[in-house]
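Descriptive analysis of the structure
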Amino acid sequence: MPKMLHTGQVIIDLVMAVDQLPQAGGDVLAQSASFEAGGGFNVMAAAQRNGLPVVYLGRHGSGRFGDLAREAMNAEGIRIGIADPAERDTGLCVAITDASAERSFVSYIGAEGELTAEDLASVPAETGDYVYVSGYSLLQAGKAQALVDWVLALPGAVKVVFDPGPLVDSPDMPVMQALLARIDVWTSNSVEALKITGAPDIAQALDRLVEHLPRDVLMVVRDGPQGCWIHQHGERRHVPGFKVQAVDSNGAGDAHAGVFVAGLAQGLSAFDAARRANAAAALAVTRWGPATSPGAAEVDDLIRKTCGV
C-alpha cells in the first residue's frame, strides 16, 4: 500500500482560546490553554486516521517538546523515519483562537528547521508513495536546499504534494521555482492562493497557478465553509462544503489536506477525495484544538447523512 512521507515540521502548539485578541501592549484572559502536537502533525494524523500509513521524515528535538511530539506521533501510529533526536528541542507555536473561530499563530522553529540529505535517505520513497512538502520548509536555511534537491531526484512514480502555507507569498523564490516543476498535487486555502498569484478571486488564481505548475498538476483550493475547488487538465469544479457550527478553525485545513491525499492514495477520484476532505474539515472545526481530524468512519457517516452516498 502507498504511504505518505511528510517532510514538514512537527512542533508543539500552546493552544489558547480567548474572546478577542489583545490590543498591542494589552492583555486578555484565556478560557483554556493546553500543549498539543501541531504543525505537520495535524496533516499526518488526518491521513493516518483515514487509512494512509504515514512516515514523518523530519527532525524532532531533545527536550520537553520533542518528547511530546514523539509521544503524539507514536499514539497515532505514525512512523518516525529519523531515529535519533536532534541536540536542540522541538519548536513551539502559540495558537490563539478567538470567538469568531479564527486563529492566529506565533511560531518559533526548533530542531525541525534542519534537515540533511542523509536524514532524507532514512526512508526510501517507493512507487505510489506521496511526498508531502510544506512551504514552511522552504523558509528554513538549514533545510530548504537539501529538501528540494531530494525532491527533484525522486522518481516520477512518487507523487509530490505541496502545501505553500501562509508565509510563502511568491512563486519567484529560487527554491520555490525549482520545486514548482515537480509538484503533482497543490493544496492550499484561498487566501494563500490569492496572495501567491495576486489574483482577485479563486477562479483566476487557479488559472494563474497553471502558468507555474506542470500541465497535469491537480490543484485543490479550500474556500472555507463553501468547500473547495479542484482543477486539473483545464477543468475546474466546485466541491460543496458541509454546514456545521464552527468553534475553532485551527487545523481544519490540515485535516482537509491529509484526508484529501489519503483519498487519492486509495484510488478515489479527485472529486470524491475532495468531498471526503470537506467533510473532515467540517467536523474538525466543531472541535477545539489543532489535530482534530475525524477518522474514516466519521467522515463516511457525515457524507452518508448529508449526501445520501
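Residues numbered from 1 in each chain as written. Predicted model: local features only at pLDDT ≥ 70, side-chain atom pairs only at ≥ 80, totals over all residues. Heavy atoms only, no water.

The chain carries the name PfkB family carbohydrate kinase in an unreviewed UniProt entry, which gives Pseudomonas neuropathica as its organism.

Observations concerning the overall build of the chain
Each helix and strand counted, the chain has 11 helices and 13 strands in total. Radius of gyration (C-alpha) of the chain: 18 Å, near the 19 Å computed for a compact globule of 309 residues. Based on the C-alpha atoms only, the size of the chain along its principal axes is roughly 50 × 45 × 40 Å. Contacts spanning at least 24 positions in sequence make up 70% of the contacts within the chain whose residues lie at least 6 apart. For the chain, the accessible surface area stands at approximately 13200 Å², while carbon and sulfur atoms represent 52% of it. (Helix = DSSP H or I, 4+ residues; strand = E, 2+ residues; numbered from the N terminus. Rg over C-alpha atoms; globule rule 2.2 N^0.38 Å. Contact = heavy atoms within 4.5 Å. Areas by Shrake-Rupley, 256 points an atom, 1.4 Å probe, with all protein chains shown as cover.)

Details of the layout of surface pockets
One number sums up the size of the largest pocket: a volume of about 1400 Å³. R103, N189, S249, A252 and G253 are, among the 50 residues lining the largest pocket, the residues nearest its centre. When its volume is computed, the second largest pocket comes out at roughly 160 Å³. As for the second largest pocket, its lining consists of Y130, K159, I183, D184, V185, P214, D216, V217, L218, Q232 and L264. (1 Å grid on protein atoms, 1.4 Å probe; cavity = no way out; pocket = protein on both sides within 12 Å on 5 of 7 lines; lining within 4 Å. Points joined across faces, edges and corners; volume = space filled by probe spheres on them.)

Brief notes about helix α11 (residues 296–307)
The terminal C-alpha atoms of α11, which comprises 12 residues, lie 16 Å apart, in line with the 16 Å expected from a rise of 1.5 Å per residue. Here α11 has its buried residues at V299, L302 and I303. Across the axial projection of α11, the buried residues extend over an arc of 95°, all falling on one side. Exposed residues on α11 whose side chains face more than 90 degrees from its buried face are A297 and K305. Tucked into the core, α11 has its buried residues touching α10 (270–284). (Expected span 1.5 Å × (residues − 1). Buried < 20%, exposed > 50% of the residue type's maximum accessible area, 1.4 Å probe, protein only. Arc of directions from axis to C-beta.)

Quick notes on helix α2 (residues 64–76)
Taking 1.5 Å of rise per residue, the 13 residues of α2 would be expected to cover 18 Å, and the 19 Å separating its terminal C-alpha atoms lies within 8% of that figure. Buried within α2 are the following residues: F65, G66, A69, R70, A72 and M73. Seen from one end, α2 has its buried residues packed into an arc of 160°, which puts them on one side. Within α2, the exposed residues directed more than 90 degrees away from the buried face are R64, E71, N74 and A75. Where α2 is buried, its residues contact β2 (10–17), β3 (32–39), α1 (40–49), β4 (54–56), β5 (79–80) and β6 (92–97). Trailing α2 by a residue or two, G77 shows a phi angle of about 80°, which is positive.

Some thoughts on the pairing of strand β9 (residues 159–163)
Along any regular strand, the residues point their side chains to alternate faces of the sheet. Of all 5 residues in β9, 4 are buried, a share of seventy percent or more. Across 5 bridges, the pairing between strand β8 (residues 130–134) and β9 is parallel. What sits directly across from Y132, in β9, is V161. Note: β9 against strand β10 (residues 185–189), 2 bridges, orientation parallel. Counterpart to F162 in the pairing with β10 is W186. In this fold, β9 hands off to helix α6 (residues 174–180), which returns the chain to β10; that crossover is right-handed. (Pairing = 2+ DSSP bridges. Right-handed = clockwise from strand over helix to strand, strands pointing away.)

Some remarks on the sheet that holds β8
Sheet architecture is open: 9 strands sit in the order β5-β4-β1-β8-β9-β10-β11-β12-β13, paired in mixed fashion. Edge positions in the sheet fall to β5 and β13 (235–240), since each has one partner strand and no second. The pairing of strand β1 (residues 4–6) with β4 spans 3 bridges and is classified as parallel. Residue pairing for β4: H6 is matched across the bridge by Y56. Relative to the sheet, helix α9 (residues 252–265) contacts β1, β8, β9, β10, β11 (218–222) and β12 (227–232), its axis offset from that of β11 by approximately 150°. (Axes fitted to C-alpha atoms, helices over the stretch in contact; angles between N-to-C directions.)

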